[in-house]
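What follows is each chain in one-letter form.
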Amino acid sequence: EFKSTGKLVRLANVLVMPISELVRDVNTDLTEGVKILRNNEGFCKVSNRGRNEYYTYKHLATSNSAPELMALKVVLHCESSENIVLNEEHSSKEVVYVLKGVVRVDWGNGLGAERRTEVLNEGDSIYLSPGVPHSFMGLELNSEILAFNYCLS
């Protein structure tokens, strides 16, 4: 029995495994280890930056047995470099894969360093460390990315 999550985190770090492997949730949302999310199900949201539609986020299958992972399909609405706004950064690690189109990625280190820009083509991917402000812009109409955000101890 653990009286604090800190001890559980330390044990997971020593064993080099996610906490979710140590604590099995009896209220799991998995059926025989699987969860399927159909195309018309799940959370979908249009995000605005300033007055402009920026992204449409569609959550992919997730599970309460892996709360450290969030997978998203993102449609990019920003198609003008004048409208690019970096996000306010986040604490998760992120891997992004260009599913469709050509995408511009902008990033900075948040410490006043010069903004960087790179073009990613269909099939390219990028890893972003936690705390790196960034943004994606479609250079072709209806560009899409897959974004995988995760926090591992």
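Our subject is the structure that appears above.
Residues numbered from 1 in each chain as written. Predicted model: local features only at pLDDT ≥ 70, side-chain atom pairs only at ≥ 80, totals over all residues. Heavy atoms only, no water.

1. A few points about the overall build of the protein
Next, step 1: Scanning the protein for helices and strands turns up 2 helices and 9 strands.
Next, step 2: Overall, the protein shows an N-to-C arrangement of helices and strands of α-α-β-β-β-β-β-β-β-β-β.
Next, step 3: Considering the protein as a whole, with its 153 residues, one finds that 30% of them fall into the buried category.
Next, step 4: Here the protein displays about 10,000 Å² of accessible surface, and carbon together with sulfur accounts for 51% of that area. (Helix = DSSP H or I, 4+ residues; strand = E, 2+ residues; numbered from the N terminus. Buried < 20%, exposed > 50% of the residue type's maximum accessible area, 1.4 Å probe, protein only. Areas by Shrake-Rupley, 256 points an atom, 1.4 Å probe, with all protein chains shown as cover.)

2. Re the packing of aromatic side chains
One pair of aromatic rings is described through two measures. These are the centre distance and the angle between the planes.
Next, step 1: Under the criterion given, the structure shown has 2 aromatic pairs.
Next, step 2: On the basis of an interplanar angle of 70° and a centroid distance of 4.9 Å, the ring pair of Y54 and Y55 is categorised as edge-to-face. Here Y54 and Y55 have matching classes, each one buried.
Next, step 3: With a centroid separation of 5.5 Å and an interplanar angle of 75°, the aromatic rings of Y55 and Y57 are classed as edge-to-face.
Next, step 4: On the accessibility criterion, Y57 (22% relative accessible area) is partly exposed.
Next, step 5: Linked through ring pairs, Y54, Y55 and Y57 together constitute an aromatic cluster. (Phe/Tyr/Trp six-rings, centres within 6.5 Å; stacked < 30°, edge-to-face > 60°.)

3. Structural notes on the sheet that holds strand β8 (residues 134-138)
Two modes of strand pairing occur in sheets, parallel and antiparallel, and in both the strands are linked by backbone hydrogen bonds.
Next, step 1: One open sheet holds the 3 strands; their spatial order is β6-β5-β8, and the pairing between them is antiparallel. Each edge of the open sheet carries a strand with a single partner, namely β6 (116-121) and β8. With direction set aside, neighbouring strand axes in the sheet form an average angle of 25°. (Pairing = 2+ DSSP bridges. Axes fitted to C-alpha atoms, helices over the stretch in contact; angles between N-to-C directions.)

4. Here we look at the nonpolar core
Next, step 1: Ranked by internal contacts, the top residues of the largest apolar core, which has 20 residues, are V74, L76, V96, I126, F136 and I145.
Next, step 2: With residues up to four places along the chain from it excluded, the contact list for L76 reads Y54, Y55, V103, F136, M137, G138, S143 and I145. (Core = buried A, V, L, I, M, F, W, Y, C linked by side-chain atoms within 4.5 Å. Contact = heavy atoms within 4.5 Å.)

5. Focus: the sheet that holds strand β3 (residues 69-76)
Next, step 1: Strand order in the open sheet made by the 6 strands is β1-β2-β3-β9-β4-β7, with antiparallel pairing throughout. Whereas interior strands pair on both sides, the edge strands pair on one side only; in this sheet they are β1 (44-49) and β7 (125-128). In this sheet, adjacent strand axes meet at a mean angle of 25° when their direction is disregarded.
Next, step 2: In this structure, strand β2 (residues 52-59) lies alongside β3, joined through 5 bridges in antiparallel fashion. Pairing of K58 across the sheet is with K73, part of β3.

6. Overview of the side chain of H134
Next, step 1: Topologically, H134 is positioned in strand β8.
Next, step 2: Within the local environment of H134, its side chain forms a polar contact with the side chain of E94, the two groups lying 2.9 Å apart. (Polar contact = N/O pair within 3.5 Å; in protein donor to acceptor, adjacent residues only side chain to side chain.)

7. Some points on the pattern of salt bridges
Next, step 1: Inspection of the entire model under this criterion finds 4 salt bridges.
Next, step 2: A salt bridge links K35 to D29; the nearest nitrogen and oxygen atoms lie 3.1 Å apart.
Next, step 3: Where E144 meets K73, a salt bridge forms, and the shortest distance between an N and an O atom there is 3.5 Å. Here K73 lies in strand β3 and E144 lies in strand β9 (residues 144-150), a separation of 71 residues in the sequence.
Next, step 4: Take K73: its relative accessible area is 29%, and that puts it in the partly exposed class.
Next, step 5: One salt-bridge network, in which partners are shared between bridges, spans R104, D106 and R115. (Salt bridge = Lys/Arg side-chain N within 4 Å of Asp/Glu carboxyl O.)

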